[in-house]
Amino acid sequence: MKKIKRTAVIVLLAVLVLLLSSCTALVQGFENEELRDHTDVMLNAVLMNDSDAAYTLVSDICSKTEFEPVFEEMYNLLKGVEGYELKLISIYKKSNFDNGKSVTVTDSVYEMQTQGKKYVVSVQKRSDVEKLSSFYITPYEKTNLYYTGVIQNMKGASFLQWGFLLSNLVIIALMVFALVDCCRHKIKLKPLWIIIILLGALSLGATITGTSFHFNFNLVWFAAYNAFVRYGGGQVTVRLVIPWGIALYFVLRHWLIKKDKPSISNGENVTEINEQSVQ
């Protein structure tokens, strides 16, 4: 039986490792080769400052006069870059009707790694256009893929962001204190209250962009913590964790702790009481 359990655990861990390591490979398995080729041609034309070669990819959607300032902006952005690596990070394909015709639109987003700097390249291909229908290059730090205010990245974080992050230490301290107090005393339904202290939390969040506001909440604890997150694209997310389990424990603590009733503990007291009764 022990061997079977050990084998099952090893197999489960192996499956989890394969699933986690294959997420990127899964996305890249859906890559559109034609769109990737067009992306490479455009990037190489920009790096070589060849606007004519670049324009052939978008000649169906704009004039050369309209394209020139856009090309110049892309060239200045990548000026000095000698080589790059592209990694597909998302791809989206949809179909809709335009003037009574079915049109398929494919959007791909690539992470472009150069010498010490990253960019995000967004490319679109429509079935009614011969080559590209849109092409954008954005510095990685100016996209929503880049963010500060989380444990993984506090570089350049503001005082407010540090305040939100450090406030989690207060919650952790209260949780530890409540757990120790619960374990030290005789508490009614102690196992249940330990679970409530550990898991009883409400996560409130709000995401703010230039044009919208979204509010959400979730009954979670693990992987949730107070944070004020700023994204490179201008989006802001505020997240607050309310540990209602800890608060409820301290409010009901007086009624939860079992109090021992006074009782006669030894025979001497009993004997003394009997003697006094006889006299």
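Structural data are supplied above this passage.
What counts and how
Residues numbered from 1 in each chain as written. Predicted model: local features only at pLDDT ≥ 70, side-chain atom pairs only at ≥ 80, totals over all residues. Heavy atoms only, no water. Helix = DSSP H or I, 4+ residues; strand = E, 2+ residues; numbered from the N terminus. Buried < 20%, exposed > 50% of the residue type's maximum accessible area, 1.4 Å probe, protein only. Areas by Shrake-Rupley, 256 points an atom, 1.4 Å probe, with all protein chains shown as cover. Axes fitted to C-alpha atoms, helices over the stretch in contact; angles between N-to-C directions. Parallel < 35°, antiparallel > 145°, perpendicular 65-115°, else oblique. Contact = heavy atoms within 4.5 Å. Nonpolar A, V, L, I, M, F, W, Y, C, P; charged D, E, K, R; others polar. Pairing = 2+ DSSP bridges. Expected span 1.5 Å × (residues − 1). Polar contact = N/O pair within 3.5 Å; in protein donor to acceptor, adjacent residues only side chain to side chain. Bend = angle between axes of the 7 residues up to and from the residue. Phe/Tyr/Trp six-rings, centres within 6.5 Å; stacked < 30°, edge-to-face > 60°. Lys NZ or Arg CZ within 6 Å of the ring centre and 35° of its normal.

Q: Can you explain the overall build of the protein chain? Please cite residues and give values.
A: Assigned secondary structure in the protein chain consists of nine helices and nine strands. Looking at the protein chain as a whole, 32% of its 279 residues are labelled buried. Working note: accessible area of the protein chain is about 18,600 Å², and carbon and sulfur atoms make up 61% of it.

Q: Describe unusual backbone geometry, listing the residues and the values that go with them.
A: Phi is positive for Asn49, which is not a glycine, with a value near 55°. With respect to the element layout, Asn49 can be found in the loop between helix H3 (33-47) and helix H4 (51-55). For Asn49, a relative accessible area of 42% corresponds to the partly exposed category. The phi angle at Leu189 is positive, at roughly 55°, despite the residue not being glycine. With respect to the helices and strands, Leu189 occurs in the loop between helix H6 (159-184) and helix H7 (190-199).

Q: How would you sum up the packing of H3 against helix H5 (residues 64-77)? Please name residues and give values.
A: The relative placement of two packed helices comes down to the angle between their axes together with the axis-to-axis distance. In contact at an axis separation of 9 Å, H3 and H5 are set at 75° when each is read in the N-to-C sense. As summarised for this structure, H3 and H5 are arranged roughly perpendicular, according to the angle between their axes. Taking contact as the criterion, the partners of Met42, Ala45, Val46 and Leu47 in H3 are, on H5, Phe71, Met74 and Tyr75. Along the lines of polarity and charge, the residues of the contact of H3 with H5 split into seven nonpolar, no polar and no charged.

Q: Give me the sheet that holds strand E2 (residues 101-113): which residues, what numbers.
A: Strands sit in the order E1-E2-E3-E4 across an open sheet of four strands; the sheet is antiparallel. A strand with exactly one partner marks an edge of an open sheet, and here the two such strands are strand E1 (85-98) and strand E4 (134-139). In this sheet, adjacent strand axes meet at a mean angle of 15° when their direction is disregarded. Two strands pair when backbone bridges link them, and strand E3 (residues 118-126) and E4 are joined in this way by six bridges, in the antiparallel orientation. In the sheet register, Val123 faces E4, and the bridge partner there is Phe135.

Q: Tell me about H6, and please be specific about residues and values.
A: Taking 1.5 Å of rise per residue, 26 residues should cover 38 Å, and H6 covers 38 Å from first to last C-alpha, within 8% of that figure. When we look at burial in H6, the residues that qualify are Gln161, Phe164, Leu165, Asn168, Ile171, Met175, Ala178, Leu179, Asp181 and Cys182.

Q: Quick one: what's the story with the environment of Ser133, residue by residue and with numbers?
A: Within the fold, Ser133 resides in the loop between E3 and E4. Distance from Ser133 to Cys62, taken between C-alpha atoms, is 9.4 Å for residues 71 residues apart in sequence. Once residues lying within four places of it in the same chain are set aside, the contact partners of Ser133 are Ile61, Gln124, Lys125 and Arg126.

Q: Run through the side chain of Gln161, naming residues and quoting values.
A: Position of Gln161 relative to the elements: it lies in helix H6. On the accessibility criterion, Gln161 (1% relative accessible area) is buried. A polar contact of 3.1 Å, which involves the side chain of Gln161, links it to the backbone oxygen of Thr148. What Gln161 contacts, discounting residues up to four positions off in sequence, is Thr148, Gly149, Met154, Phe228, Val229 and Arg230.

Q: So what's going on with helix H8 (residues 244-256)? Which residues, and what values?
A: Where H8 bends most, at Phe250, the angle is about 40°. The complete set of buried residues in H8 reads Gly245, Ile246, Tyr249 and Leu256. In the core, the buried residues of H8 are packed alongside H6 and H7.

Q: Which residues make up the packing of aromatic side chains, and what are the values?
A: If you walk through the whole model with that rule in mind, you get eight aromatic pairs. Pairing Tyr55 with Phe67 gives two aromatic rings, centres 5.8 Å apart and planes at 45°, and the pair type is tilted. Pair noted here: Tyr55 is in helix H4 and Phe67 is in helix H5, with a separation of twelve residues, a long-range link. Directly above the ring of Tyr140 sits Lys118, whose terminal nitrogen or CZ lies 4.0 Å from the centroid. Seen from the ring of Tyr225, Arg239 lies directly overhead, with NZ or CZ sitting 4.8 Å from the centre.

Q: Run through the environment of Asn144, naming residues and quoting values.
A: For Asn144, the position within the fold is in the loop between E4 and strand E5 (147-148). Classification of Asn144 as partly exposed rests on a relative accessible area of 37%. Spatially, the C-alpha atom of Asn144 lies 7.6 Å from that of Gly234, the residues being 90 residues apart in sequence. Setting aside anything within four residues of it in sequence, one finds Asn144 in contact with Tyr231, Gly232, Gly233, Gly234 and Gln235. Of note is the side chain of Asn144, whose polar atom sits 3.3 Å from the backbone nitrogen of Gly233.

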